[in-house]
Amino acid sequence: MSDVTPNIYWHSPNITRTERERLNGHRGCAVWFTGLSGAGKSTLAHALEARLFERGCRTFVLDGDNVRHGLCADLGFSEPDRHENIRRIGEMTRLFVEAGMITLSAFISPYRADRLRFRDRIGADSFIEVHCRCSLEVCEQRDRKGIYRRARAGEIPDFTGISAPYEEPLTPDVALDTATTPVDECVAKLTKVLHSRGILVAA
Ligand SMILES: Nc1ncnc2c1ncn2[C@@H]1O[C@H](COP(=O)(O)OP(=O)(O)OP(=O)(O)O)[C@@H](O)[C@H]1O
Ligand SMILES: [Mg+2]
């Protein structure tokens, strides 16, 4: 990589990702949930994780708000900060996948280019983009955190869907209509995709 600090060298690990995957009994991958606030990314990531955990898979959920408490606590919601947020989360996701985990990343990730950049970085084989498709109207009705109301009142600048853009995936691996499809059905569909992509078997 050309933008790496000089005089830094890569130390290759003794234990490879493939060996970790063999130990785990399944492959690692990034399941990337994108969609508006309230579309159901966290709900589905945690529900899918519970299902996978039951069958003995190594999983971890990386969740937007939680990451902003620590790793990305210094970032706001301007466009450059959002790019940097997703870059860091992408790198973190990559580490988890390298560790052989089924990594469930739940982030609005409003810019298509950021998501595609991550897909290129991790490799399309290890990337499953899940579009939680839900209208702004329904998300706003749900308003679990009361933030749409505050955004409409002008109290929250750069709010996705209201005063900042959301770019829908053009060719997501999975599109879920989270306004109309029950959570269980969405999870069943995701599990099926993990099967068909060969994730749930050892490398
Ligand atoms: N099919 C579905 N999938 C996911 N969530 C659903 C579905 N049907 C209803 N819901 C409800 O929609 C809400 C989604 O909220 P959730 O916190 O998961 O959204 P989010 O996309 O993570 O938002 P944010 O970006 O603000 O974190 C929950 O109250 C959930 O119970
Ligand atoms: Mg969430």
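Caption draft 1: Highlighting the overall build of the protein chain. Along the backbone of the protein chain there are eight helices and five strands. Going from the N terminus to the C terminus, the protein chain shows its helices and strands as α-β-α-β-α-α-β-α-β-α-α-β-α. For 203 residues, the compact-globule estimate of 2.2 N^0.38 gives 17 Å, and the protein chain sits close to it at 17 Å. Overall size of the protein chain, expressed as C-alpha extent along the three principal axes, is 55 × 45 × 30 Å. Put simply, the protein chain has 203 residues, and 43% of those count as buried. A fraction of 77% describes how many contacts in the protein chain between residues 6 or more apart in sequence connect residues 24 or more apart. Carbon together with sulfur atoms contributes 52% to the accessible area of the protein chain, which is approximately 11,200 Å² in total. For the protein chain, the distance from the average site of its 28 positive side-chain charges to the average site of its 28 negative ones is 3 Å.

Caption draft 2: A look at the side chain of threonine 93. Structurally, the position occupied by threonine 93 is in helix α4 (residues 79-98). For threonine 93, a relative accessible area of 0% corresponds to the buried category. When near neighbours in sequence (up to four residues on either side) are disregarded, threonine 93 contacts Ala30, Trp32, Leu62, Thr103, Ser105 and Phe118.

Caption draft 3: Just the pattern of salt bridges, in detail. The full count for this structure, using the stated rule, is 13 salt bridges. Here arginine 115 ties to glutamate 129 by a salt bridge, and the two come within 2.7 Å at their closest N and O atoms. Here the residue arginine 115 occupies a position in helix α5 (residues 112-122), and glutamate 129 occupies one in strand β4 (residues 127-133), the gap between them amounting to 14 residues. When sorted by exposure, arginine 115 lands in the same class as glutamate 129, which is buried. Between arginine 197 and aspartate 173 there is a salt bridge whose closest N-O contact spans 3.4 Å. Placement of the pair is arginine 197 in the segment after α8 (183-196) and aspartate 173 in the loop between α7 (147-152) and β5 (174-177), with a sequence separation of 24 residues. Overall, the relative accessible area of 38% leaves aspartate 173 in the partly exposed class. One continuous salt-bridge network, built from bridges that share partners, spans Asp74, Glu84, Arg87 and Arg88.

Caption draft 4: Quick peek at unusual backbone geometry. The phi angle at asparagine 7 is positive, at roughly 65°, despite the residue not being glycine. Relative to the assigned elements, asparagine 7 resides in the segment before α1 (17-24). Unusually for a residue other than glycine, aspartate 143 sits at a positive phi of about 30°. Of note, aspartate 143 is situated in the loop between α6 (136-142) and α7. Overall, the relative accessible area of 18% leaves aspartate 143 in the buried class.

Caption draft 5: Just the site of ligand 1, in detail. Near ligand 1, the surroundings consist of 18 residues, among which Ser37, Thr43, Arg144, Lys145 and Thr181 are the closest. The side chain of threonine 43 places a nitrogen or oxygen atom 2.4 Å from an oxygen atom of ligand 1. The contact in question runs from a nitrogen atom of ligand 1 to an N or O atom on the backbone of threonine 181, over 2.5 Å. In isolation ligand 1 offers 640 Å² of accessible surface; the protein chains occlude 82% of this area. Looking at the shell around ligand 1, the elements that each hand over two or more residues are α2 (41-54) and α8.

Thresholds applied
Residues numbered from 1 in each chain as written. Chains lettered and ligands numbered in written order. Predicted model: local features only at pLDDT ≥ 70, side-chain atom pairs only at ≥ 80, totals over all residues. Heavy atoms only, no water. Helix = DSSP H or I, 4+ residues; strand = E, 2+ residues; numbered from the N terminus. Rg over C-alpha atoms; globule rule 2.2 N^0.38 Å. Buried < 20%, exposed > 50% of the residue type's maximum accessible area, 1.4 Å probe, protein only. Contact = heavy atoms within 4.5 Å. Areas by Shrake-Rupley, 256 points an atom, 1.4 Å probe, with all protein chains shown as cover. Lys, Arg positive; Asp, Glu negative; His and termini not counted. Charge placed at Lys NZ, Arg CZ, Asp CG, Glu CD. Salt bridge = Lys/Arg side-chain N within 4 Å of Asp/Glu carboxyl O. Near = heavy atom within 4 Å. Polar contact = N/O pair within 3.5 Å; in protein donor to acceptor, adjacent residues only side chain to side chain.

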